[in-house]
Each structure stands twice: as structure tokens, then as C-alpha cells.
Amino acid sequence: MIEPLAKIERLPTSSGEREAAHRIAGLLRELGARDAVVEEEPAYASYARPIGTLTALAAVAGLLAKRSRVAATLVAGAATLGIADDISYRGQYARRALGGRPCSAYNVVASVGDPDAPRTLVVTAHHDAAPTGAVFDERAARWVATRYPQLLDKARENPPMWWPVVAGPALIALGAATGLRGVRRAGIGLAAVSTAAFTQIGRSRAVPGANDNLSGVAVLVALAATLRDQPVDGVRVLLVSAGAEEALQEGIRGFARRHFPELDRERTWFLNVDTVGSGNLVLLEAEGPLRMEPYDVPFNNLLSECATRNDIAVLTGLRSRSSTDGVVPNRHGYPTATLVSIDDQKLIPHYHLHTDLPEHVDYDCVADACALTEAAARALSANEVPTPADPPTRTDPSTRTESPTRTESPTRTDPPTRTDPPSRTESPTRTDPPTPAA
């Protein structure tokens, strides 16, 4: 499943995203989710255009500050607020004004499990793929991780990539207001670099996106197959593969507008599955590009307990300075958890690069994500409703154990030596029934 979809160029709101959505819906229908549909939602195609425009306006304002410090302060200040608003999932007023003509995101929505159950588990992923850019080159991060491995033990979150983007216009506004040339020039430099980066991203083609996030889509498909063969009572499971996530959660926002009014916050849980083929599963404690927003502790605890019962190694206590679709239901008050993965250097390999290929996906890690998602559904069906508890304990990846045996589970060799990635037309199922940024 991952291989054929990875061959489709799936930029947000593109025809490739639409094609992938219809293929996924068709596969889910074949696996028993007969109500699987593709829902078209209004969406903007990219974050690069509006944010890049704001950084460019701030840089120009900084260069012209000698003519009018007041005007430069106002323009750069407005750009700062506009960027912070856009990446923090607020009103996104700049996107509406500068993002171009709205397009369409294509969400796949299907249901499995007990249609009359009192509880609902919504499992989300996304099938669009990101554009690339020099800012995503991982060589510097690999060098630091290799040269200073002691930093890995202390790191609990990834570097805040959005902070310099906001800092550029903010420094311009501060420098113009106070007359501090050095501060203003530093801001101009940051804003210029940001503008160049967003220009490159806006013109780039999509990466294959095998790990980010066809690995998450594979979890949805596997869950549909498993619950067809081994049905679950007491919980309805919604499978949502969103479009335009790489445009900063455009697709899941459309799902929220359409479906949140009918989903009871007291009886609905969201498990977001994103980039789960890196080697070590992670239940994020919190995420947010500017301000960390914590995920639901009781639900995370339940997932941690499910992992322990099923011998699935999961790291906890880590946070992300990126953003995923999980931030949307979390902000709307739903108990939400986000399951991501990292490698042994606490990095996401091939992130937003053209090397994000099927042969670089850790399929054992994907299988563990499938098993944990199924375990969560069965725990909710057994009325194991999450209640407050002590924070889950961090599991060391070096002690990771194998997942329980599954039928048709994909066989995996070490990615560096794999020459023929496994072909998956059907997702793995389980014989024993027993979750993380732009």
C-alpha cells in the first residue's frame, strides 16, 4: 500500500492528493468499511506563500525604516502577529488575505467497529506529502547528534524551527521602534533568510512521503482489516485520512467544521498517527510551534498501559516543536494523543526529503503502531475509560521488545541493506487482539 501511493505526487490540495484519497477510500471499502467516502473541504494549498510574503514585507519595512520608523514598526509588528497567528491555528487572517485562491483538501472518512456504540475512537492520519527545501537538510543535525551524543539524553524536544521566522519581523519592529540599528539589521537578516526558504519551499515538488505519512495511512488500513476479521463491540472507530496536513492542518480543520458538532467530547477520543516508521514509537507529551499545548494525560496513560500489556516499546515524556493534525481536536477539547516515531538519534529520518522512500520505512515500527491502535480500540470497547493517573514512564528504545505475532505481518530487514522493500497490498492483521509540527 505504501509503495504505490508513494509514487503519486501528493502536494496539499493537488490532483495527486485527490487520487490518493480515492484509492485509500476504495481500499477501505474492500476491507469492510463500506461507508468510506472522500469529503472535499475548502483549503489553502500552502503555508509558504502567506508567511513568505509577511517575512518579505517585514524585511522591506526594515530597509526603509530610515524614512519612517513608525511605518516600519507597524508593518513589521503586523507581520510578526500575522505569522504567529497563522502557525498557531488561530484566525489565520494573513492566509486569507495572502494565501491565494482557496482550493480543496480531500479527506477520507470511514467507520468500522460498533456503529451503535456509546464511545467513539477517531484515528487520524494524512495522505498528502510535503514539499522540500534546504531548511530540511538533516546533515547538521546528524553531525551534532554524532559529535555530542550526551545531548541526546537531555533533549526532550526538537529545535524550534519557527522561532527564527517569528523573530525576524519582531526584531525589525523592535529595532525600528527603539532606533537600535543592530537589532533591526539582525531582524532584516533573519527575515531575508526566511523569505528565501519559503520561496524555495513554495516552488518545490512533493517528496514521496512514505514515512510522513503513508506509514500512518497504513495503520488505518491495517485497523480496518483487523476489525473486519476480529470485530469489536462497544466502540465505534472512525478512520480519517486527512488531506492538506502539510499546509498546516487544512484538511483536519475541514473535518472539524463538518463533524465536530456531532462528536460528544465526553465520549470521543482522538488518536493521531503520524510518521510511525522511524524505529522508536513516541507518545507525545505536548506539541506546538510557539507555545507547547499538552496532550490528554489520562488518554496517554491508557495508551501506555496498552503498550505495556502488548509488549510494545513506546517512548514518553517527549515534546515536539512542529505540528500535526492532533493539535486541532486537542484544542477543541477532545481527549487526544499523538503517536509519532524517531530514530536512535531522536531525529525523524528523511523528514521532508526526497529520500523518504518505502525502503527507508521501519515496517516493524509501523506494525507496532498498528498493534497499539488496535489495543486502544479494544480497551475503550472494554470500558477502560481513561482516568487521571501518574504520568507514564519513559521506555528506553534500547530495551524495545518485539510486538506480538501477527498474521501477514510485513517482514523487514535493516533499511540500509534492504534492496527490495516489501510490497504490501494488504495491511497486517493480528491473531491475538490485545498510539507527534512546518
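The structure this text deals with has already been given above.
Because the structure is predicted, anything quoted here is derived from the model rather than measured.

Draft legend 1. Just the nonpolar core, in detail. With 65 residues, the main nonpolar core has Leu 28, Leu 121, Val 237 and Leu 239 as its most contacted residues. Contacts of Leu 121, omitting those with residues within four sequence positions, involve Val 235, Arg 236, Val 237, Leu 238, Trp 269, Leu 271, Phe 299, Thr 373, Ala 376, Ala 377 and Leu 380. Counting 24 residues, the second largest nonpolar core, distinct from the first, contains Ile 51, Ala 76, Ala 79 and Ala 191.

Draft legend 2. Summary view of helix α8 (residues 163–178). The end-to-end C-alpha distance of α8, which contains 16 residues, comes to 22 Å, matching closely the 22 Å that a straight helix rising 1.5 Å per residue would cover. Those residues of α8 that sit buried are Val 165, Val 166, Gly 168, Pro 169, Ile 172, Ala 173, Gly 175 and Ala 176. Along its buried surface, α8 packs onto α3 (48–63), α4 (69–87) and α9 (181–203). In the stretch just after α8, Gly 179 is the one whose phi turns positive, near 80°.

Draft legend 3. Molecular detail of the environment of Ala 6. Of note, Ala 6 is situated in helix α1 (residues 2–6). A C-alpha to C-alpha distance of 9.0 Å links Ala 6 and Asp 356, two positions 350 residues apart in sequence. With residues near it in sequence (within four places) discarded, Ala 6 still touches Pro 208, Leu 214 and Pro 358.

Draft legend 4. A look at the pairing of strand β6 (residues 280–287). The buried fraction of β6 is high, at 7 of 8 residues. Of the strand pairs in this sheet, β6 and strand β9 (residues 336–342) are connected by 4 bridges, and their pairing is antiparallel. Its bridge partner lying in β9, Leu 281 is registered against Ser 341. Count of turn residues in the β6/strand β7 (residues 293–294) antiparallel hairpin: 5 residues.

Draft legend 5. Quick look at the packing of aromatic side chains. For the structure shown, the criterion picks out 9 aromatic pairs. For the pair Trp 162 and Phe 198, a centre-to-centre distance of 5.9 Å together with 25° between the ring planes defines the contact as stacked. Within this pair, whereas Trp 162 is found in the loop between α7 (150–154) and α8, its partner Phe 198 is found in helix α9, the two being separated by 36 residues in sequence. You can call Trp 162 buried: its relative accessible area is 2%. With a centroid separation of 6.1 Å and an interplanar angle of 90°, the aromatic rings of Phe 255 and Phe 260 are classed as edge-to-face. Given a relative accessible area of 0%, Phe 255 falls into the buried group. Ring pairs connect the aromatic residues Phe 255, Phe 260, Phe 270 and Tyr 334, which therefore count as one cluster. The aromatic ring of Tyr 334 is capped on one face by Arg 265, whose charged end is 5.2 Å from the ring centroid.

Draft legend 6. Representation of the pattern of salt bridges within the structure. Taken as a whole, this structure holds 17 salt bridges when the rule is applied. Residues Glu 39 and Arg 258 are paired through a salt bridge, measuring 3.5 Å at the closest nitrogen-oxygen approach. In this pair, Glu 39 sits in strand β1 (residues 37–43) while Arg 258 sits in helix α11 (residues 250–259), placing the two residues 219 residues apart along the sequence. Glu 39 gets classed as buried once you look at its relative accessible area, which sits at 10%. Relative accessible area serves as the criterion here: at 42%, Arg 258 is assigned to the partly exposed category. Here Glu 138 ties to Arg 142 by a salt bridge, and the two come within 3.8 Å at their closest N and O atoms. Arg 142 shares its class with Glu 138; the two are buried. Because the salt bridges share partners, they merge into one network encompassing Glu 39, Glu 41 and Arg 258.

Reading the values: rules and limits
- Residues numbered from 1 in each chain as written.
- Predicted model: local features only at pLDDT ≥ 70, side-chain atom pairs only at ≥ 80, totals over all residues.
- Heavy atoms only, no water.
- Core = buried A, V, L, I, M, F, W, Y, C linked by side-chain atoms within 4.5 Å.
- Buried < 20%, exposed > 50% of the residue type's maximum accessible area, 1.4 Å probe, protein only.
- Contact = heavy atoms within 4.5 Å.
- Helix = DSSP H or I, 4+ residues; strand = E, 2+ residues; numbered from the N terminus.
- Expected span 1.5 Å × (residues − 1).
- Pairing = 2+ DSSP bridges.
- Phe/Tyr/Trp six-rings, centres within 6.5 Å; stacked < 30°, edge-to-face > 60°.
- Lys NZ or Arg CZ within 6 Å of the ring centre and 35° of its normal.
- Salt bridge = Lys/Arg side-chain N within 4 Å of Asp/Glu carboxyl O.

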